[in-house]
Amino acid sequence: MKGDEEELRMFIFQQRIINRFLPMKLSRISFLSFSLFISIITNAQELPLTWENIFTKNYGVRQAAISPDGSKVIFTARTVDQSGLFIIPSNGGDEPTFWTSGSSPVWFDDGRRVLYSYQGDLWTKRIRSGSKPVRITNDEYGERAARPSPDGSQIAFYSTRGGHNDIWIVPADGSAEPRQLTNESMANDDFRFAPAWSPDGKQIAFYSNKADYWEDDIWLINIESGKERQISKKLMAMSTPVWSPDGSKIALMAVAKDEYWYEDLSYIYILEPEKGTEEILDMQIHATDLLHNHTVKWSADGSEIFFPYQERSEVELWRVPSQGGVATRVTNMGGTFRSYHSSKRATRFIFVRSNSTRGNEVDMIRLSGGSPVQLTNVSTKWEGLVEPTEISYRSYDGLYIQAYRFNPPNFNPRNEYPALVMVHGGGTNTAYKQLNLTEQYLAQQGYIVLIVNYRGGSGFGRPFQDLGTNDWGHGQALDAAHAATFIREQDWSNGKVGIYGYSYGGITSMAAISQAPNAFNAAVPMAGIYDFSDAYTNADRLGKIFIKTGHSGSPEEKPEIYAVSNALSRVHQVRTPLLIMHGEKDVRAPFRQYELAVEILKKEGKVFESHSYPGEPHGFRNPMNRVDMYQRLEAWFKRWLK
């Protein structure tokens, strides 16, 4: 199946080359010569893996939206030549056409216009040839998650211009200034989800913490009167709510308030606002929000619900009856899709998908099933990418942990190699099967790299995810340490092993070298939290919720659990040379964590280096700072492992 998909992708690409060059005088070129020509063009596209190329030339699709009738796809991409919005027919086989500058495309229901963002403002443009963009907003505040009303007359969007993250309304022709709709609906540092118009355009469903700072409830607001009411009490919202076609129900991904804040293994809740009910949809699996990026989709008649679900490290689309029942898998694509979208009647689905050797492209599949069709071919082609080997290894308590192994070029098991253990971010998430260029690069430099999916992560069932609850920085750290033990038992190991990770990967890296002082020869924790009790006082809202639920309470309520996750209290045990790095504007993993760690490392006389980046938040914005960070990481491991 995978070979068929690759063959189809290459056939479509070759056809595009033929279509482009046939008008030239190619009749004198033999078929063999033309095949060679195609091969040269294909291979010439490949770029060498360098840090600068990885962080500045990693082109591909970022967002995509299919038209209501399913005939066209608008997508955002960065290519060698251009960045912006492109349009392509959904039947495949055609080259995309650059449409306009901008991002975040959303179709109007009539399929004639598209709403998008550009230069911090909202714009619309008609699809017909020769149409010009219309600027809807023109201010310094910024708009997010904009959605047109069903009749196309208004646009709802989120903005913090009023001091909170609230919904605002503006006429779709830009004839008036935006007016505020909700009041103090969400904290101004919480930028998830989108407003959801009811099918009749009279109401908007939205998430809010106004009833309780620690809770994410679903509310309704009447567009005309501005009257609000809370319609959920039991759930913590994990996705944008979605109305059923008849407007009687709302579906969304969520977890129950009285349980762990599960990431990526959510229930599908069905709300009936007029009846005042909120029930979990009965099925044999869970739904995957993928860091709050996914939501659900109703069928045209409301009898079915489509949703993403993650198994191990891959994400596929599934279907379940809207009354509950047996869920079945729609796609068998492999890899991971970061976003998906469907036509209005859910007859076609598109995915922004990647796998181990391919960057983000748009794939399409029909409601009837079958194999996906790759619609775009704009992502960077990289030299020397390898398909990693999926393995399992035995951890300290007998649990088997999944890992992906990247081998160096011309790997010979009789030779000896240094090794690296990569621990992923998002402690309740997973290292997905996607384009892991950092690990591919390090393997090309002669390391064997293991990506470890330690306990507490998603994709392996809730009992496995529960193993991380109230045990942060302990079992997960020992899983990483036992990866090093496993590596040293292999004939190809030179006995030297490093560990690195970003965000929760930084947390696990620091925890591992403090819990298992002899496991690693070098470490690079980046953007981590090392004392959750301290971070609880100054993290952003989502960070605080994450910390509180992972420890079953506040530091005052659960001091013994916070003691387990406190890596700074065990710095005196560290024997591993470490390089610690952080962004100075980070509020998810507060920069103070870096400062505390550096202070204690100095006091304890440990072998370490430190570097921070002014102006950088948790997700770095300046790609050259990313380049610098990973150049330092590479130099550190070369110093201690080679």
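Overview of the structure. Chains are numbered independently. Their residues run from 1 in the order of the written sequence. With the structure being a predicted model, the display of local features is reserved for residues of pLDDT at least 70 and the display and counting of side-chain atom pairs for 80 or more, all residues being used for whole-chain, interface and lining totals. To obtain the side-chain values, all non-hydrogen atoms of the structure were used and water was disregarded.

1. Comments concerning the sheet that holds strand β14 (residues 196–197)
A strand pair is defined by DSSP finding two or more bridges across the two strands. Only DSSP runs of H or I reaching four residues or more are called helices, and only runs of E reaching two or more are called strands; each is numbered from the N terminus. Taken together, the 4 strands give an open sheet; going across it, the order is β14-β15-β16-β17, and neighbouring strands pair in antiparallel fashion. At either end of the open sheet lies a strand with only one pairing partner, and these are β14 and β17 (228–230). Pairing of strand β15 (residues 203–208) with strand β16 (residues 217–222), which is carried by 6 bridges, proceeds in the antiparallel orientation. Bridged to Phe206 within β16 is Trp219.

2. Here's the deal with the environment of Trp197
Structurally, Trp197 can be placed in strand β14. Partly exposed residues are those whose accessible area sits between 20% and 50% of the maximum for their type, while under 20% is buried and over 50% is exposed, using a 1.4 Å probe and protein chains only. Classification of Trp197 by relative accessible area gives buried; the value is 10%. For the pair Trp197 and Pro150, spaced 47 residues apart in the sequence, the C-alpha separation amounts to 7.2 Å. We call two residues in contact whenever any of their non-hydrogen atoms come within 4.5 Å of each other. Look past the residues within four positions of Trp197 in its chain and what remains in contact with it is Arg147, Pro148, Ser149, Pro150, Gln154, Ile155, Ala156, Ile169, Gln203, Ile204, Ile223 and Trp243. Polar contacts, as counted here, are pairs of nitrogen or oxygen atoms within 3.5 Å of one another; within protein the pair requires one atom able to donate a hydrogen and one able to accept it, and residues that are adjacent in sequence qualify only if both atoms are side-chain atoms. Within the local environment of Trp197, its side chain forms a polar contact with the backbone oxygen of Pro148, the two atoms lying 3.4 Å apart.

3. Quick look at the pattern of salt bridges
Any carboxyl oxygen of Asp or Glu that lies within 4 Å of a side-chain nitrogen of Lys or Arg is treated as forming a salt bridge with it. Applying the stated criterion across every chain, the model contains 26 salt bridges. Its salt-bridge partner being Asp216, residue Arg192 comes within 2.8 Å of it at the nearest N-O pair. Taken together, the residues Arg192 in the loop between β13 (179–180) and β14 and Asp216 in the loop between β15 and β16 connect sequence positions 24 residues apart. The buried category is assigned to Asp216, whose relative accessible area is 0%. Here Arg353 makes a salt bridge to Asp363, at a shortest N to O gap of 2.8 Å. In this pair, Arg353 is assigned in strand β28 (residues 348–354) and Asp363 in strand β29 (residues 361–366), connecting sequence segments 10 residues apart.

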